[in-house]
Amino acid sequence: MDSEGLKWCLALQLLLPHCFLETRIQGQLADAKLVLSGSSVSLQLSNLTKNYLRLTWFYTTNQKILEWETNRPTPNYFNTKFKDRVTLDLQNGTLHIYDVQEEDSSTYILKVMLMTGFEEEWSIPLRVFDPVPKPDITIEKTQEMNNRCYLILFCTARIQSVNYTWYGDSGPISERLQGGVLNITVIPQNSSKFYRCEASNPVSQNNDTVYFIPPCKLARSSGVGWIPMWLMVMVPTILGLLLI
Ligand SMILES: *[C@@H]1O[C@H](CO)[C@@H](O)[C@H](O)[C@H]1NC(C)=O
Ligand SMILES: *[C@@H]1O[C@H](CO)[C@@H](O)[C@H](O)[C@H]1NC(C)=O
C-alpha cells in the first residue's frame, strides 16, 4: 500500500475492517529475518515516509552504519565492519548488505528525521545462520534381550544452535528425545529399516543415516547401497583385466 492508500485506510478504518488489518501487518516488524551466512540481505521498509531530511541505519543502538543527509548526493558510510559490504538505495532507503556473517545478527535500527522535526524509528531483527554440516551418528548401544532390541544412538553436528530430529520408516520418532540422543526399544513389529538423524537450524538442514538389520544390528550403509559400490570397484577391475 502506498502512503496515499495508507492515509485513506486510516481515515476509513472504522468502516472497512480489512483496511485496518493491512495497516497492522505493515507495522509488524517483530519477525526476524532469517538468512544463511554468505547471502545478501535487503532491509527494507515498505511504508517509509518520502520527505525526510536525514536517514540513519544502525547496527546496534549506538553503532551507526551509515547516515544520509538528503541534501547531499551520497550517504556517509562509517568505518565499521560493514563499510565495504553495504549500499543504501537512495530511492527507498533500503539497506543492502552483502556476504552476511553470523556476527551480523542484530536488531538493526532505522531512524528518519522528518521535515516536521519529528524522528521516526523502526527495528528490524536479522539472524544469520551458518549452514548445518553433516552430523555424525554414534552407535552407543545395541542390546538384544527377550526379543527386544535396545538402541542408543547419539547424533552430533559440529555447530551451535541446532535442533535434532530422528526419523524412521514411518516418519519422525518422538520417543524420549533429548538433544541428539535416540534411546528406543525396538520389537519386530515396530522396527524401521533405517534411523536418520536430521540436524537443522531455521535455514538449513543436514542428516546422517544408519540401517537396521534385524533382530538388533546397525550398519553404516544399507544392503542396497553395497551392490553399486561393489560394481563400481569390480567393473573397472574386470575391464582392466580384459585389456591386458
Ligand atoms: C515398540 O514397541 C514396544 C512394545 O510395545 C515399545 O515398548 C517401544 O517403545 C516401541 N518402540 C517404538 C520405536 O515405537
Ligand atoms: C539429507 O541431507 C542432504 C544434504 O546433505 C539433502 O540433500 C537430503 O535431501 C537430506 N535427506 C533427507 C531425507 O532429508
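The structure this text deals with has already been given above.
Described in the following lines is the structure provided in the data block. (Residues numbered from 1 in each chain as written. Chains lettered and ligands numbered in written order. Predicted model: local features only at pLDDT ≥ 70, side-chain atom pairs only at ≥ 80, totals over all residues. Heavy atoms only, no water.)

## Some thoughts on the environment of Arg127
For step 1, the next point in the chain: Secondary-structure assignment places Arg127 in strand β9 (residues 119-129).
For step 2, the next point in the chain: Residue classification places Arg127 among the partly exposed positions, given a relative accessible area of 42%.
For step 3, the next point in the chain: Once residues within four sequence positions are removed from consideration, Arg127 is found in contact with Ala32, Lys33, Leu34, Val35 and Ser105. (Helix = DSSP H or I, 4+ residues; strand = E, 2+ residues; numbered from the N terminus. Buried < 20%, exposed > 50% of the residue type's maximum accessible area, 1.4 Å probe, protein only. Contact = heavy atoms within 4.5 Å.)

## Considering the pairing of strand β10 (residues 136-145)
For step 1, the next point in the chain: The pairing of β10 with strand β11 (residues 148-156) spans 9 bridges and is antiparallel. Directly across from Ile137, in β11, lies its bridge partner Cys155. (Pairing = 2+ DSSP bridges.)

## Overview of the pairing of strand β3 (residues 52-60)
For step 1, the next point in the chain: One ladder, built from 6 bridges, connects β3 with strand β8 (residues 106-114); its direction is antiparallel. Across the sheet, Thr56 pairs through a bridge with Lys111, a residue of β8.
For step 2, the next point in the chain: Inspection of the sheet shows β3 paired to strand β4 (residues 63-69) by 6 bridges, in the antiparallel sense. Directly across from Thr56, in β4, lies its bridge partner Glu67.
For step 3, the next point in the chain: From the end of β3 to the start of β4, which pair antiparallel, there are 2 residues.

## Structural notes on the nonpolar core
For step 1, the next point in the chain: Ranked by internal contacts, the top residues of the largest apolar core, which has 26 residues, are Leu55, Trp57, Ile65, Leu95 and Tyr108.
For step 2, the next point in the chain: Setting aside residues no more than four positions away along its own chain, Ile65 makes contact with Trp57, Phe58, Tyr59, Asn76, Tyr77, Phe78, Phe82, Val86, Leu95 and Tyr108.
For step 3, the next point in the chain: If you look at the next biggest cluster of nonpolar residues, it comprises 21 residues, including Cys155, Tyr164, Leu182 and Ile184. (Core = buried A, V, L, I, M, F, W, Y, C linked by side-chain atoms within 4.5 Å.)

## Concerning the state of the cysteines
For step 1, the next point in the chain: Inspection of the entire model under this criterion finds 2 disulfides.
For step 2, the next point in the chain: Here Cys155 engages in a disulfide with Cys197; their sulfurs sit 1.9 Å apart. With the S-S dihedral at roughly -80°, the linkage between Cys155 and Cys197 falls on the left-handed side. One end of the pair, Cys155, is in strand β11; the other, Cys197, is in strand β15 (residues 194-201), and 42 residues separate them in sequence. Both residues of the pair, Cys155 and Cys197, count as buried. (Disulfide = S-S within 2.5 Å.)

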